[in-house]
Amino acid sequence: MIAPEPHRSALDVLSSWFDAVFADIDRMSSGFRSSLENDAETVADVASTARRRRDELKQFARQFLDGHPRADGAGLVLARSGDTLRGAIEWWGHGDASEVTRYTFGMDPTSDRFYDYEQLEWFVEPLGSRRHWVTGPYIDYLGIDDYIVSLTSPCIVGGRAIGVAGSDFKMTEFERELLPVLRQFPQRAVLLNPHGTVLVNNSARWTSGDRFDDASFAALSRTREISGTVTVAYE
């Protein structure tokens with residue numbers, strides 16, 4: 001069934017937004033991959049290579065952030081590898097003027113501030129499925145310690161998934177970006193993550209983080225998958 005106006009216009013805007021963000025994440029990931037593939041040490045220990053090439057990787061993250069001023073941060077997160085099984089998080093956020101600032105995370109497994117990211121959905125799902133993924137909203141405890149949504153994509157080097165590239169949006173900024181689009185729907189509309197959790201909606205009936213159950217789907221008559229990652233349910 002073809003969505004009538006103004007539904008179609010709003011759906012197209014949502015689809016274009018996610019397509020554009022993921023295209024830029026993939027472009028950033030391609031830059032990361034090119035930098036890492038040019039280093040002979042990558043096969044042995046990709047995390048060490050990433051740390052050594054940090055200035056190069058930073059420029060790709062900077063380009064993404066320049067194009068997405070509402071994003072909180074962006075970068076590359078690598079699976080543990082090498083003899084030391086050390087991972088790496090090469091992640092930057094907006095700094096002063098046109099600069100970017102590198103974030104630091106607890107990488108010591110013996111520390112009570114250890115950020116065990118390899119167990120987290122935004123890392124596990126795209127790495128295993130090799131496709132785009134949207135995680136959240138969630139509190140990124142021990143990460144940036146805020147209520148966020150993460151968009152991530154696998155980073156492939158030499159045919160091997162070595163980690164994920166992606167970006168975080170604080171929920172306040174994510175809502176500022178997409179709530180105006182949902183308000184273009186003449187009736188209720190809800191944007192859902194892959195697990196059916198509410199990301200953003202234009203109704204007082206649901207709030208971000210609510211689980212969209214069968215009764216909720218029954219209340220709305222249409223659904224549309226967006227960019228292969230999220231779903232819009234609307235009347």
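The structure under discussion appears in the preceding block.
Let me begin by describing the structure that accompanies this report. (Residues numbered from 1 in each chain as written. Predicted model: local features only at pLDDT ≥ 70, side-chain atom pairs only at ≥ 80, totals over all residues. Heavy atoms only, no water.)

Okay, the overall build of the protein next. Across its full length, the protein holds six helices and 10 strands. Relative to the compact-globule value of 18 Å for 235 residues, the protein shows a C-alpha radius of gyration of 19 Å, a close match. Dimensions of the protein, computed from C-alpha atoms along their principal axes, come out at roughly 55 × 35 × 35 Å. Taking all 235 residues of the protein together, 48% fall into the buried category. Intrachain contacts of the protein at a sequence separation of at least 6 include 55% that bridge at least 24 residues. Counting every atom, the protein has about 10,900 Å² of accessible surface; 47% of that belongs to carbon and sulfur. The distance from the centre of the 25 positive side-chain charges to the centre of the 35 negative ones in the protein is 2 Å. (Helix = DSSP H or I, 4+ residues; strand = E, 2+ residues; numbered from the N terminus. Rg over C-alpha atoms; globule rule 2.2 N^0.38 Å. Buried < 20%, exposed > 50% of the residue type's maximum accessible area, 1.4 Å probe, protein only. Contact = heavy atoms within 4.5 Å. Areas by Shrake-Rupley, 256 points an atom, 1.4 Å probe, with all protein chains shown as cover. Lys, Arg positive; Asp, Glu negative; His and termini not counted. Charge placed at Lys NZ, Arg CZ, Asp CG, Glu CD.)

As a further point, take the pattern of salt bridges. Scanning the model with the defined rule gives 16 salt bridges in all. Of the charged contacts, one joins E90 and R102 as a salt bridge, the two residues approaching to 3.3 Å between their closest N and O atoms. In this pair, E90 sits in strand β2 (residues 86-94) while R102 sits in strand β3 (residues 100-102), placing the two residues 12 residues apart along the sequence. With a closest N to O distance of 3.4 Å, D145 and R113 form a salt bridge. One end of the pair, D145, is in the loop between β4 (133-139) and β5 (147-157); the other, R113, is in the loop between β3 and α4 (121-129), with 32 residues separating them in the sequence. Three or more residues are tied together by salt bridges with common partners; here these are R70, E173, R176 and E177. (Salt bridge = Lys/Arg side-chain N within 4 Å of Asp/Glu carboxyl O.)

Scanning all chains against the criterion turns up 15 aromatic pairs. Each ring, one from Y103 and one from F105, has its centre 6.4 Å from the other, and the planes form 65°; the classification is edge-to-face. On the basis of relative accessible area, F105 is assigned to the buried category, the value being 16%. Arranged with centres 4.8 Å apart and planes meeting at 85°, the rings of F212 and F217 form a pair that is edge-to-face. Given a relative accessible area of 4%, F212 falls into the buried group. Of the residues examined, F217 reaches a relative accessible area of 32% and is grouped as partly exposed. Aromatic ring contacts, followed pair by pair, group Y103, F105, Y115, Y117, W122 and F123 into a single cluster. (Phe/Tyr/Trp six-rings, centres within 6.5 Å; stacked < 30°, edge-to-face > 60°.)

Turning next to the nonpolar core. Soluble globular proteins tend to pack their nonpolar side chains together in the buried interior. Judged by nonpolar contacts, the single largest core of 48 residues is most densely connected at F18, L151, F174, F185 and L191. Among the elements that line this core, the one with the most residues is helix α1 (residues 7-37), at 11 residues. In contact with F18, not counting residues within four places along its chain, are V134, L151, F174, L178, L191, I226, S227, T229 and V230. With 14 residues, the next largest nonpolar core counts V77, I89, F123 and I144 among its residues. (Core = buried A, V, L, I, M, F, W, Y, C linked by side-chain atoms within 4.5 Å.)

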